[in-house]
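# Survey of secondary and tertiary structure
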Amino acid sequence: MDNLLLGFGVALEPINLLFVVLGALLGTIIGLLPGLGPTATIALLLPVTYTMEPTTAIIFLAGIFYGSMFGGRIPAILLNVPGDGAAVVTTLDGYPLKQQGRAGVALSITAVGSFIGGLVALLGIVAFIPYLSRFALGFGPPELFLLAFLGLMLIALLASGTMSRGLLSAALGIFIAMIGFDSITGTPRFTLGEANLLDGISIVPLAVGLFGISEVMMQAEQRFRGVSVSVLGNIWPKLSEITALKGAITRSSIIGFFLGLMPGGGGAMASVVGYGVEKRFSKHPEKFGHGAMDGLAATETADNAGANSSFVPLLTLGIPPNPVIALIGSALILQGITPGPDLVQSNPDVFWGLIASMFIGLVVLFVLNLPLIGLFVQILRVPPLPLAGTILALAIAGTFSIRSSLFDVFLLVLFGLVGYALRRCGVPLGPLVIGFILAPIMESELRRSLILSGGEFSIFLDRPISAGILILAGTLTVITLTRAAYSRLRRRERVEV
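Residues numbered from 1 in each chain as written. Predicted model: local features only at pLDDT ≥ 70, side-chain atom pairs only at ≥ 80, totals over all residues. Heavy atoms only, no water.

Attention now moves to the overall build of the protein. In terms of regular secondary structure, the protein is built from 23 helices and two strands. Across the 497 residues that make up the protein, the buried fraction comes to 57%. Across the protein, every contact between residues at least 6 apart in sequence was considered, and the portion connecting residues at least 24 apart equals 79%. (Helix = DSSP H or I, 4+ residues; strand = E, 2+ residues; numbered from the N terminus. Buried < 20%, exposed > 50% of the residue type's maximum accessible area, 1.4 Å probe, protein only. Contact = heavy atoms within 4.5 Å.)

The structure is reproduced here in structure tokens:
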């Protein structure tokens, strides 16, 4: 507690408090703009932090990061346009709720879930900081591979529609992720001689094309009837609705917190695993993908919990778990501070000042987001045709801004056509994007595991944590397949009767 009080003393200094608010606001705006994302923004702002004090610099950059997690849910829910991989799962239930006239409630619930998830993660850091680094060190390549595989399996098996279509969608996403250089050998794969494909396909044209562009095409097919919902419903959820979600928010906070401690485990993976686990616990799993409030709360809560706890590997081990945290770590290094086990003792003002500022930032985001929900929902009052044009403009501008590449814009249109075709065939899009996100993690960690074991697959059973994950994955697969077979049998009996 003495250290935490020291941190609040640092974070509440006027200059640091100013940059907490600026970072949170800027992050929210970045989350609102599909395609820009915190990685590109922090990379652009990195030179600006050279002249700042180290604590002020990391507080500012961290605010941009977790602020963008808050803001990313808004276009995903209102426009069906995910700005990054973590927001993809939000579209699965967020956009259907918007179509049902419950956009305001969806935004309120996600704000509450995001706040609680981030708060639980920060309390976990304060309470368990002596043990967290040792826990994170227990996860090697075998555990990371099985964790990514478990997340993908949960989404594919539990996708809306038939199980076979969910698996087909996930397989297509894995194939697309293999385009480009081999991560281990550096050999080009499936590039068809196209130089623009050597670096692989970016998540932005893929996700925005599949969801945003295909949605515009679906609405164009209906002559833009039904793009906007005339009845918005209540902006504030009922107390009973929030109470009913306490289990989902609690579970997802814990899941996101622990996944954020692992390399690659925060953000997209946390939202995927949180969503899949909650569907297993839900009393109405058939609603998932069609406007399940518990599914939406789960993915946003896990996402924000993972974003906050993902600072722990960098600050305690010197290991950045994702590109955004790596950039924040580089800002510290440029200031002459090396993240790692000695940081807490050598620079307690930096470590505890950051943790305290994140508490303040969460409150700032929560207080600002709730009153602005009415403003966000006014997007739905825009006439259908201009709204569709706005979606297209945001999609093209956001995609082009990532790498200033017209080829990415071409991919955006191509994946829009692919998404439209898949939707017309009843193939869910979520497993495809999740497969694309998790496939590189699965491939690299699987190959590293086999290199460590000399090609022996027994490495996945010899290690207690990986064996536990493997047993869990097998159990969930058997349960899911059994339920699917039972449902088919019941339907067949009803038809015969």
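Following the structure, the description resumes.
What follows concerns the packing of helix α4 (residues 54-71) against helix α14 (residues 293-309). Contact geometry for α4 and α14: axes closest at 10 Å, N-to-C directions at 175 degrees. One finds that α4 runs roughly antiparallel with respect to α14. Facing Phe65, Tyr66, Met69 and Phe70 of α4, the residues of α14 in contact are Glu300, Asp303, Asn304, Ala307 and Asn308. Taken together, the residues of the contact of α4 with α14 break down into five nonpolar, two polar and two charged. (Axes fitted to C-alpha atoms, helices over the stretch in contact; angles between N-to-C directions. Parallel < 35°, antiparallel > 145°, perpendicular 65-115°, else oblique. Nonpolar A, V, L, I, M, F, W, Y, C, P; charged D, E, K, R; others polar.)

Our next topic: the packing of aromatic side chains. A full pass over the atoms with the stated rule returns 12 aromatic pairs. Ring plane angle 40 degrees and centroid distance 5.8 Å describe the contact between phenylalanine 407 and phenylalanine 410, whose orientation is recorded as tilted. With a gap of three residues between them, phenylalanine 407 and phenylalanine 410 both fall in helix α20 (residues 406-424), about one helical turn apart. Classification of phenylalanine 410 as partly exposed rests on a relative accessible area of 48%. Here the aromatic residues Phe145, Phe149, Phe457 and Phe460 are joined through ring pairs into a cluster of three or more. The ring of phenylalanine 281 has arginine 251 lying over it, and the distance from NZ or CZ to the ring centre is 4.4 Å. (Phe/Tyr/Trp six-rings, centres within 6.5 Å; stacked < 30°, edge-to-face > 60°. Lys NZ or Arg CZ within 6 Å of the ring centre and 35° of its normal.)

With that out of the way, let us pick up the confidence of the model for the protein. Per-residue confidence for the protein averages 79 on the pLDDT scale, and 83% of its residues sit at or above 70. The least confident element of the protein, judged by mean pLDDT, is helix α3 (residues 37-45) at 68; the most confident is α20 at 89. Considering only residues more than four positions removed or in separate chains, one finds that residues 226-232, a stretch of pLDDT under 50, has 20 contacts. (pLDDT = per-residue confidence, 0-100.)

By the definition in use, this model includes seven salt bridges. Notably, a salt bridge pairs glutamate 143 with arginine 463, separated by 2.8 Å at the nearest N-O pair. In this pair, glutamate 143 sits in helix α8 (residues 141-157) while arginine 463 sits in the loop between α22 (459-462) and α23 (464-496), placing the two residues 320 residues apart along the sequence. The exposure class assigned to glutamate 143 is buried, which follows from its relative accessible area of 1%. (Salt bridge = Lys/Arg side-chain N within 4 Å of Asp/Glu carboxyl O.)

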